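# Per-entry structural report
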Amino acid sequence: MNQPSQNQSLSRAAEISLPVEGMSCASCVGRVESALRKLSGIDQVSVNLATERVHLASNGGLDIMAVVHTIEKAGYEVPARTTELAIEGMTCASCVGRVERALKAVPGVSEASVNLATERATVRGVAPVEHLLAALEKAGYPGRAIDAFAQNTDEAATAQKDAERAALQRDLLIATVLALPVFVLEMGSHMIPAMHHWVMTSLGMQASWYLQFALTTLVLLIPGRRFYLKGIPALLRAAPDMNSLVAVGTLAAYMYSVVATFLPHLLPAGTVNVYYEAAAVIVALILLGRFLEARAKGRTSQAIQRLVGLQAKTAHVIRNGQRMDIALAEVVTGDTVEVRPGERVPVDGTVLEGRSYVDESMITGEPVPVEKIPSSSLVGGTVNQKGAFTMQATAVGGHTVLAQIIRLVEQAQGAKLPIQAVVDKVTLWFVPAVIGAALLTFLVWLVFGPSPALSFALVNAVAVLIIACPCAMGLATPTSIMVGTGRGAELGILFRKGEALQLLKNAKAIAVDKTGTLTEGRPALTDLEVLQGFERAQVLALMAAVESRSEHPIARAIVEAAQQEGLTLPELTDFESITGMGVHAIADGQRVEVGADRYMRSLSLDVTVFDSTAQRLAAEGKSPLYVAVDGKLAAVVAVADPIKASTPDAIAALHALGLKVIMITGDNQRTAQAIAAKLGIDEVVAEVMPEGKVQTIERLKQAHGHVAFVGDGINDAPALAVADVGLAIGTGTDVAIEAADVVLMSGSLQGVPNAIALSKATIGNIHQNLFWAFAYNTLLIPVAAGVLYPAYGVLLSPIYAAGAMALSSVFVLGNALRLRGFKAPQSADAQA
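Worth saying up front: this structure is predicted, and the values here are computed from it rather than measured. (Residues numbered from 1 in each chain as written. Predicted model: local features only at pLDDT ≥ 70, side-chain atom pairs only at ≥ 80, totals over all residues. Heavy atoms only, no water.)

### Regarding the packing of aromatic side chains
For the coordinates displayed, the defined rule picks out 12 aromatic pairs. The interplanar angle of 20° and the centroid separation of 5.6 Å between the aromatic rings of Tyr210 and Phe262 together place this pair among those described as stacked. Pair noted here: Tyr210 is in helix α7 (residues 205-221) and Phe262 is in helix α9 (residues 242-262), with a separation of 52 residues, a long-range link. The exposure class of Tyr210 is partly exposed, given its relative accessible area of 40%. Using a relative accessible area of 40% as the deciding quantity, one classes Phe262 as partly exposed. Plain terms: the ring middles of Tyr256 and Tyr275 are 5.8 Å apart, the flat faces sit at 50° to each other, and that makes the pair tilted. (Phe/Tyr/Trp six-rings, centres within 6.5 Å; stacked < 30°, edge-to-face > 60°. Helix = DSSP H or I, 4+ residues; strand = E, 2+ residues; numbered from the N terminus. Buried < 20%, exposed > 50% of the residue type's maximum accessible area, 1.4 Å probe, protein only.)

What follows is the structure, encoded as structure tokens:
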């Protein structure tokens, strides 16, 4: 485990509690306690074997890393854990950098990643939560821990967000009402001669300034207070943020105007002007930008909200023979639950009685309802159709498939892509650099500017401070990730790791496991051809009766085919299996033999009548079996693992994306080549043992570059892990597949081109956002500083700067929200 160095500051907390792994008996407990008691500063040590935790108390400071190293030296391990924190007060990308630095400085933290769009931090290490929260508080960004295993209905967080939006809306309204008269009085006088004349004759200039002073003071004290309460302390901590820029800019304009209004003799001649309208309107415009940003942020997380909304609120539970309606949180594993027509399945479980069709599109992305009969599995949140059934709860609360999906989406949305690392390095120093640029602008205009130089210097410095918004930079990546991964969840594509979004678009080749990925994953009857004089149903029933005594996969496939067709199997006697040949028995008074061609020849039966069929089956990689009834050849049959109906279109879509498709299988070369030829697969790697898949992937990476591997997520874990991106074909219930980067819930290969297309769309969206954010600042900061003035006489008013700043963040968020309309190239609707 990569831990911080021991020279980090000691923890000030009096008590800590840490998990310890590897203890198996009382002597282990004694060994750990003995080792820890030797550390200086520790007053009390308590090790609990049952909970596998150590509790330490001290009147002085506790050096967490010294404790961890002592435990590890004693032969035990303190496992790193992942902690989710909700953080308040972050407004721009520079805040993200400061919060990350504060968290990483806490002893025991190995990794910390902060997301501006979700306003969350993911911390990995051994540091206690209370130490992390204390570090956040000290940095000026209060936080709280999030329980990752609780029901994902964080009503408190939602209420807080709603309250923040309401407060922004209220402050925006107040600021607009107060700032509008100031703007009309001052700018109207400059732009409309009649307005200037009216002000001078009815109010007088001094009275107009007094009124503007009163209104602007109210703007800054009431709706603008938020900027000073956060921005000034951040400035004093030498960690300025966006609030600091607004605070310094508006206060500079306001204080200059106050001096001009009440102490004009202190200013040089010709510089007595007021800029109340700049201070007031800037506050109103920035509040407008914040309000629009808050609304857009709410829409970026709508995918999670919709998933949470899929959970039923109550369940009809039968306990001790009594039917009762209880809250979903009160359902326990093993409960018997009634599900009525049109209701959502409340929790995961299995059908006990009844039958119905259930719409599982929210899990799989497939719109066709699935039939449910006794022993069928059910997923909480799916919608029952017209039937009714009772079920037994097998997973509740945070352990349901839906809860796992929500957790996976939240983890992906909070991820930080490699591309974001560069952005973070730039934005950490961006605000201090802007303040420096504003000071330089002020000095240059003061020394070299035309008269009144002081006025020009002030206005242009304020414009630089206001226009340089790093919010757009900080939001460019996480908002696209939030919307992209949320849209993926709606399509049945779960990005377990956010970085898979960036890596998947670089794939040059797709390696695909055959069984369960290209095919259904279980043998099925694919061909049954009967000779004249025999009926298909009769032959299938007789053959299934004979094979019902065998446990061979081929035999099970034949029996299942008969059952699916509703056939009744006749009574069976005298069953015998002949090794290497086939089986025979008496069924319904008729002697039935089933086996390979050599078995038929041993019975003196001529199978050449089926030559053309046998050649076709061989070309398809299938081995034919023959059926004889009462000594007469009756039929030829083939059992194979059928190709999924969606596979051909998916392969074609991958080729359309310019990708090579390679099939990896343990089947013999002939069967593999037959399937590859049928599907148009580019390359075949056959007769590969499970342990050989890793070497195969490594070889393919050398030959093709970036390789994505698609498997069923059960026996393909090593190959999924070693590929540049591992995609696991899920079935709706195999959600938490640890080795995969991406889980395709539908169980269809069509999810692969959809995932790649979504990856390309999301990363393209991020590039557009970053280009806008950086180009905006690169171009407009010099304009605000006045570089165009010597040649063109153009200056940027602080008011226009504030409007442009608000527009920048809203543009980035609006562009990210376009991903909500992403259309999957292989959607079921498109196929229809």
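### Let's talk about the sheet that holds strand β25 (residues 683-685)
Pairing in this open sheet of 7 strands is mixed, and the strands run β16-β28-β27-β26-β17-β24-β25 from one edge to the other. Across the chains shown, the open sheet's two edge strands, defined by having one partner strand only, are β16 (493-495) and β25. The mean inter-strand angle of the sheet, taken between neighbouring strand axes irrespective of direction, is 20°. (Pairing = 2+ DSSP bridges. Axes fitted to C-alpha atoms, helices over the stretch in contact; angles between N-to-C directions.)

### Notes on a nonpolar patch on the surface
Together, Leu440, Val444, Leu446, Val447 and Phe448 line one region of the surface with nonpolar side chains, adding up to about 520 Å² of accessible area. Inspection of the secondary structure assignment puts Phe448 in helix α15 (residues 430-448). Residue class for Phe448 comes out exposed when judged on its relative accessible area of 68%. (Patch = residues over 30% accessible without salt bridge, like charges linked within 9 Å, V, L, I, M, F, W, Y side chains within 5 Å. Areas by Shrake-Rupley, 256 points an atom, 1.4 Å probe, with all protein chains shown as cover. Salt bridge = Lys/Arg side-chain N within 4 Å of Asp/Glu carboxyl O.)

### Some thoughts on the packing of helix α1 (residues 26-37) against helix α2 (residues 64-73)
At a minimum axis separation of 9 Å, α1 and α2 run at an interaxial angle of 140°. As the angle between them shows, α1 and α2 are arranged oblique. Remark: the crossing between α1 and α2 carries right-handed chirality. Residues Val32, Ala35 and Leu36 of α1 touch α2, and the partners they reach there are Val67, Thr70 and Ile71. The class makeup of the residues in the contact of α1 with α2 is 5 nonpolar, 1 polar and no charged. (Parallel < 35°, antiparallel > 145°, perpendicular 65-115°, else oblique. Left-handed = near helix turned anticlockwise from the far one by under 90°. Contact = heavy atoms within 4.5 Å. Nonpolar A, V, L, I, M, F, W, Y, C, P; charged D, E, K, R; others polar.)

### Notes on the layout of surface pockets
Take a probe with the size of a water molecule and roll it over the atoms, and the empty space left behind shows itself. In this model, the second largest pocket occupies a volume close to 1100 Å³. Taken together, 43 residues make up the lining of the second largest pocket; nearest its centre are Ile554, Lys622, Ser623, Val639 and Ala640. Element by element, the count of residues in the lining of the second largest pocket is highest for helix α25 (residues 669-679), at 5 residues. Across the lining of the second largest pocket, the residue classes break down as 18 nonpolar, 14 polar and 11 charged. (1 Å grid on protein atoms, 1.4 Å probe; cavity = no way out; pocket = protein on both sides within 12 Å on 5 of 7 lines; lining within 4 Å. Points joined across faces, edges and corners; volume = space filled by probe spheres on them.)

### Focus on the side chain of Asp171
Examined against the element boundaries, Asp171 turns out to sit in helix α5 (residues 155-191). On the accessibility criterion, Asp171 (6% relative accessible area) is buried. Residue contacts for Asp171: discarding those within four places in its chain leaves Pro223, Arg226 and Leu287.

### Quick word on the pairing of strand β3 (residues 53-57)
One ladder, built from 5 bridges, connects strand β1 (residues 15-19) with β3; its direction is antiparallel. Within β3, the position partnered with Ile16 by the bridge is Leu56. As defined by bridge partners, strand β2 (residues 44-48) adjoins β3 across 5 bridges and the pair is classed as antiparallel. Directly across from Asn48, in β3, lies its bridge partner Arg53.

### Some thoughts on a negative patch on the surface
Taken together, the side chains of Glu21, Glu52, Glu72 and Glu77 define an acidic patch exposed on the protein surface. Here Glu72 shows up in helix α2. The exposure class of Glu72 is partly exposed, given its relative accessible area of 32%. (Lys, Arg positive; Asp, Glu negative; His and termini not counted. Charge placed at Lys NZ, Arg CZ, Asp CG, Glu CD.)

### Concerning the UniProt feature "transmembrane region" (unreviewed entry) in the chain
Under the UniProt annotation, the feature "transmembrane region" (unreviewed entry) is placed at residues 172-195, 207-224, 245-267, 273-292, 426-448, 454-477, 770-792 and 798-817. Note that residues 207-224 is 83% helix and 0% strand, and that its end C-alpha atoms are spaced 24 Å apart. (UniProt positions renumbered as here; feature names shortened; annotations may be inferred.)

### Observations concerning α7
Each α-helix turn comprises 3.6 residues. Residues three or four places apart therefore point the same way. Between the first and last C-alpha of α7 there are 24 Å, a value that for 17 residues agrees with the 24 Å anticipated at 1.5 Å per step. Here α7 has its buried residues at Ser208, Trp209, Gln212, Leu215, Thr216, Thr217, Val219 and Leu220. (Expected span 1.5 Å × (residues − 1).)

### Some remarks on the sheet that holds strand β19 (residues 572-578)
Spatial strand order, β18-β23-β22-β21-β20-β19: 6 strands in an open sheet with antiparallel pairing. Both outer strands of the open sheet, β18 (524-530) and β19, are each paired with one neighbouring strand and no more. Direction aside, the axes of adjacent strands within the sheet are offset by 20° on average. Of the pairings in the sheet, the one linking strand β21 (residues 590-595) to strand β22 (residues 624-629) comprises 4 bridges and is antiparallel in character. By the bridge assignment, Val592 is partnered in β22 with Val629. Across the sheet, helix α20 (residues 536-547) touches β18, β19, β20 (582-587), β21, β22 and β23 (632-640), and the angle it forms with β18 is around 130°. Against the sheet, helix α23 (residues 611-619) touches β18, β22 and β23, its axis set at about 165° to β18.

### Topic: the side chain of Glu360
Tracing the backbone through its elements, the reader meets Glu360 in the loop between β11 (348-359) and α12 (361-364). Here Lys372 takes part through its side chain, which lies 2.8 Å from a polar atom of the side chain of Glu360. (Polar contact = N/O pair within 3.5 Å; in protein donor to acceptor, adjacent residues only side chain to side chain.)

### Some remarks on the environment of Ala507
As for its placement among the helices and strands, Ala507 is situated in the loop between α18 (499-504) and β17 (509-513). Taking the C-alpha atoms as reference points, Ala507 and Lys660, separated by 153 residues in sequence, lie 9.4 Å from one another.

### Observations concerning the packing of helix α28 (residues 751-785) against helix α30 (residues 798-817)
Geometrically, a packed helix pair is captured by the angle between its two axes and the distance between the axes. Viewed as axis vectors pointing N to C, α28 and α30 meet at an angle of 170°, and their least axial separation amounts to 9 Å. Relative to α30, the element α28 lies roughly antiparallel. Counted together, Asn765, Gln768, Asn769, Trp772, Tyr776 and Leu780 of α28 and Ala801, Ala804, Met805, Ser808, Phe811, Val812, Asn815 and Ala816 of α30 form the full contact between these two elements. Here the contact of α28 with α30 is composed, by residue class, of 9 nonpolar, 5 polar and no charged.

### Some points on the pattern of salt bridges
A full pass over the atoms with the stated rule returns 14 salt bridges. Between Asp171 and Arg170 there is a salt bridge, with the nearest N and O atoms lying 3.2 Å from each other. Arg170 sits in the partly exposed class, given a relative accessible area of 48%. Glu338 is paired through a salt bridge with Arg340; the nearest N and O atoms lie 3.6 Å apart. Taking relative accessible area as the criterion, Glu338 reaches 14% and is therefore assigned buried. In the salt-bridge network here, residues are joined through shared partners; they are Arg170, Asp171 and Arg226.

### Notes on the nonpolar core
By size, the foremost hydrophobic cluster in this structure holds 134 residues, and its most contacted members are Met90, Leu103, Ile510 and Leu727. Considering every element that reaches this core, the biggest residue donor is α28, with 14 residues. Beyond its immediate stretch of four places on either side in the chain, Met90 contacts Cys95, Val96, Val99, Val114, Asn115, Leu116, Glu119 and Tyr141. Counting 27 residues, the second-largest nonpolar core is a separate cluster that includes Leu540, Leu625, Val637 and Val639. (Core = buried A, V, L, I, M, F, W, Y, C linked by side-chain atoms within 4.5 Å.)

### Considering the environment of Arg536
Among the structural elements, Arg536 can be located in helix α20. Arg536 sits in the partly exposed class, given a relative accessible area of 35%. Along the primary structure Arg536 and Ala635 are separated by 99 residues, whereas in three dimensions their C-alpha atoms are 8.5 Å apart. When sequence neighbours within four positions are dropped, the list of residues in contact with Arg536 reads Leu525, Leu528, Val530 and Glu565. A distance of 3.0 Å separates the side chain of Arg536 from the side chain of Glu565, its partner in a polar contact.

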